[in-house]
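# Structural features, examined
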Amino acid sequence: MSAQGTPNAAGRTAGVSQGTGATPKGAWTVTFLLFLFMVVNFADKIVVGLAGVPIMTDLKLEPAQFGVLGSSFFILFSVSAIVVGFIVNKVPTRWVLLTLAVIWALAQFPMVGTVSFTTLLICRIVLGAGEGPAASVATHAIYKWFPDEKRTLPTAILLQGSAFGVILAVPALNWVIVNHSWHYAFGALGVVGLIWVCAWLALGKEGPLEDTQALAANEAKIPYLQLLTSRTFLGCVAATFGAYWALSLGLTWFTSFIVTGLGFSQSDAGWISILPWVFGATMVILTGWISQVMMARGYTTRISRGVLGSVPLIIGGLILAAMPYVPGVGLKIVMLVVGPGLCSAIYVVCPPMLGEFTPASQRGAILAIYGALYTLSGIIAPNVMGTVIQRAGSMLDGYMTGFTINAVVLVGSGVIGLLLLWPNTEKARLTRGAAPRETGLKGAVSPT
């Protein structure tokens, strides 16, 4: 549904081609390939956290150093996301996605042999530069295949790739780590990346609903300053910043917490590390389905996207805040799974909200800048956790303090999102007084 909550208005939002709302042939094939793209993306992300204890042991790293390693992945993450975001306003997403996947694969192979901390650090920085634009470019690509009112579910499926990337990779990579070496786990990911490159070369296509260059010529523009300072954009950044704080801690520190904090073996920790992603995957699909049902029943996108995404952040933060005070290892794990897992809802609703009011010819850049800003928490969170652990009286106390900090961030970001996310009125406010080009409006279809 649209900004006004009427079923027929959804197709009129900025940035999309108008039309009958039909989904072109081949849309779901591309969606599946981009789902696999995100599977590889998150498998690449999780491997350092999964092999955290062996890496720290082999390279003789302190917790603070491992925190730096976790944060290093995000050093160029945001910069590359912004640069590539502007590139995809003019260059077909098919070739950009292919280039990114090649970078990921090549960045893994140096770790197959004996490496120093410096080499590992550099490879993670390069990998982060390649993965920074991934989600926003993939989302932009999918939105060229689906009209606005049908975008929440494909967005949810795309996001499922992150969960399945962990669910599928953790058992396989952990088996390699336990039975062979953490070095070979990196090599396996490089091979998988090259396989995806071959599949995309054979089957990947550009979506037919939007011709970005034609839209750029005919479509009414909104100044980037107005888009970037709109309350919904700021609300999306703030809300997702908190969710990504939790996600980056999960990628870097969850398995190490299970082993060194709670005393599980590396083999058992590998299976336990799947649980947050199973719950998160369920949350993503459920949120996407609920959102589209609500829109079909006439709810505004303020409710069916903004409120639906923000409230779980607050609830998840409160659960995580209570986690250090509950007795028993099992209950702690449950709360650590459920609290951050609820935050997955925000990833589903923010891209469509931004797409509601962003012209299609500017959408690639806006999605990329959004991603670049909220993922800054990936630089901060792992480093904060490592520093807190090293300074704490005991390792367990350090972990609990770190998770409490995460809880405060989640609640705060959820409250900000609840106050600022009003996508249903954003387009009218941004275009008030402007004289949109008639041709651009007729050529537009209706969202990340």
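Our subject in this report is the structure included herewith. (Residues numbered from 1 in each chain as written. Predicted model: local features only at pLDDT ≥ 70, side-chain atom pairs only at ≥ 80, totals over all residues. Heavy atoms only, no water.)

## Description of the overall build of the protein chain
Put simply, the rule reads: Think of it this way: any DSSP run of H or I at least four residues long counts as a helix, any run of E at least two long counts as a strand, and we number them from the N terminus. Note on exposure labels: buried denotes an accessible area under 20% of the residue type's maximum, exposed denotes more than 50%, and partly exposed covers the range between, all computed with a 1.4 Å probe on protein chains only. Computed by Shrake-Rupley with a 1.4 Å probe, the accessible areas treat only the displayed protein chains as cover when residues are assessed.
In terms of regular secondary structure, the protein chain is built from 22 helices and zero strands. Residues classed as buried in the protein chain amount to 60% of the 448 residues present. Accessible area for the protein chain stands at about 16200 Å²; split by element, carbon and sulfur atoms hold 70% of it.

## Side note on a nonpolar patch on the surface
Quick note on the threshold: Two joining distances apply to patches: 9 Å for like charges and 5 Å for nonpolar side chains (Val, Leu, Ile, Met, Phe, Trp, Tyr), and every residue must have over 30% relative accessible area and no salt bridge. Put simply, a salt bridge is a Lys or Arg side-chain nitrogen that is within 4 Å of an Asp or Glu carboxyl oxygen.
Taken together, Ile75, Leu76, Val79, Val83, Ile87, Val91, Trp95 and Leu201 make up a surface patch of nonpolar side chains, about 670 Å² in accessible area. Considering each element in turn, the nonpolar patch owes the most residues, three residues, to helix 4 (residues 77-87). Looking at the element boundaries, Leu76 is found in the loop between helix 3 (63-72) and helix 4.

## Considering helix 2 (residues 52-59)
All of the buried residues in helix 2 are Gly52, Pro54, Ile55, Met56 and Leu59. Of the residues flanking the end of helix 2, it is Lys60, one or two places downstream, whose phi is positive at about 55 degrees.

## Some thoughts on the side chain of Asn41
Rule in force here: Two residues form a contact once any of their heavy atoms are found within 4.5 Å.
Its place among the elements puts Asn41 in helix 1 (residues 27-50). Discounting residues that sit within four places of it in the chain, Asn41 has contacts with Trp104, Glu131 and Ala134.

## With respect to the packing of helix 5 (residues 93-108) against helix 7 (residues 134-142)
Heads up, the rule is: Whenever a helix is involved, its axis is fitted only over the stretch in contact; in every case the axis is a line through C-alpha atoms, and angles between N-to-C directions fall within 0 to 180 degrees. Roughly parallel means an angle under 35 degrees; roughly antiparallel, over 145; roughly perpendicular, 65 to 115; everything else is oblique. Each helix crossing is assigned a hand: it is left-handed if the near helix lies turned anticlockwise from the far helix by less than a right angle, otherwise right-handed if that turn is clockwise. Each residue is assigned to one of three groups, with Ala, Val, Leu, Ile, Met, Phe, Trp, Tyr, Cys and Pro labelled nonpolar, Asp, Glu, Lys and Arg labelled charged, and all others, Gly among them, labelled polar.
The contact between helix 5 and helix 7 brings their axes to 10 Å, and the two run at 150 degrees. As summarised for this structure, helix 5 and helix 7 are arranged roughly antiparallel, according to the angle between their axes. The crossing of helix 5 and helix 7 is left-handed. For the pair helix 5 and helix 7, the contacting residues are Thr93, Val96, Leu97, Leu100 and Trp104 in the first and Ala134, Val137, Ala138, His140 and Ala141 in the second. Here the residues of the contact of helix 5 with helix 7 sort into eight nonpolar, two polar and no charged.

## Some points on unusual backbone geometry
Most peptide bonds are trans, and most residues other than glycine sit at a negative phi. Although it is not a glycine, Lys60 sits at a positive phi angle of roughly 55 degrees. The residue Lys60 is located in the loop between helix 2 and helix 3 in this model.

## Describing the pattern of salt bridges
Tallying each qualifying case throughout the model produces four salt bridges. With a shortest N-O distance of 3.3 Å, Glu131 and Lys45 are connected by a salt bridge. With Glu131 in helix 6 (residues 117-131) and Lys45 in helix 1, this residue pair connects regions lying 86 residues apart in the sequence. Overall, Lys45 belongs to the buried group, its relative accessible area being 6%. Between Glu426 and Arg429 there is a salt bridge, and its shortest N-O distance comes to 2.6 Å. Here the residue Glu426 and the residue Arg429 both occupy positions in helix 21 (residues 423-431), the gap between them amounting to three residues, near one helical turn. Accessibility expressed as a relative area gives 35% for Arg429, which makes it partly exposed.

## Here we look at the packing of aromatic side chains
Spelled out, the test is: Ring geometry is summarised as follows: Phe, Tyr and Trp rings, the Trp one being its six-membered ring, pair when their centres sit within 6.5 Å, and such pairs are stacked at plane angles under 30 degrees, edge-to-face over 60 and tilted between the two. Consider the ring centre and the ring normal. A charge sits over the ring if Lys NZ or Arg CZ is within 6 Å of that centre and within 35 degrees of that normal.
Throughout the structure, instances matching the rule amount to 21 aromatic pairs. Aromatic side chains Tyr399 and Phe403 sit 6.5 Å apart centroid to centroid with 20 degrees between the ring planes, which places their arrangement in the stacked category. On the criterion of helical spacing, the pair formed by Tyr399 and Phe403 is a turn pair, its members being four residues apart in helix 20 (residues 395-420). Exposure class is identical for Tyr399 and Phe403. Each is buried. Three or more aromatic residues joined by ring pairs make a cluster, and in this case those are Phe73, Phe74, Phe77, Tyr244, Tyr347, Tyr370 and Tyr374. Here Lys45 stacks its cationic end above the ring of Phe42, 4.4 Å away from the centre of that ring.

## What about the side chain of Ser248?
You can see Ser248 is positioned in helix 12 (residues 231-261). Judged by relative accessible area, which is 1%, Ser248 ranks as buried. Each residue touching Ser248, except ones within four places of it in the same chain, is listed here: Phe74, Ser377, Gly378, Ala381 and Pro382.

## Digging into the nonpolar core
We count it as follows: The term nonpolar core refers to a set of buried residues drawn from Ala, Val, Leu, Ile, Met, Phe, Trp, Tyr and Cys, joined through side-chain atoms within 4.5 Å.
Leu34, Phe37, Leu97, Trp277 and Ile346 are the most contacted members of the largest nonpolar core, which has 122 residues in total. Broken down by element, the residue count for this core peaks at 16 residues, all from helix 12. What Leu97 contacts, discounting residues up to four positions off in sequence, is Leu34, Phe37, Val137, Ala138, Ala141, Trp196 and Trp200.

## Some points on the environment of Val334
Following the sequence through the fold, Val334 ends up in helix 16 (residues 329-342). For the pair formed by Val334 and Met323, sequence separation is 11 residues and the distance between their alpha carbons is 8.9 Å.

## Brief notes about the environment of Trp28
Among the structural elements, Trp28 can be located in helix 1. As for Trp28 and Pro154, which are separated by 126 residues in sequence, their C-alpha atoms are 8.4 Å apart.

## Regarding the packing of helix 5 against helix 9 (residues 182-203)
Here helix 5 crosses helix 9 at 160 degrees, and the two axes come no closer than 7 Å. Relative to helix 9, the element helix 5 lies roughly antiparallel. Between helix 5 and helix 9 the crossing geometry is left-handed. Contacts between helix 5 and helix 9 involve Arg94, Trp95, Leu97, Leu98, Ala101, Val102, Ala105 and Gln108 on the former and, on the latter, Phe186, Leu189, Gly190, Gly193, Leu194, Trp196, Val197, Trp200 and Leu201. Here the contact of helix 5 with helix 9 is composed, by residue class, of 13 nonpolar, three polar and one charged.

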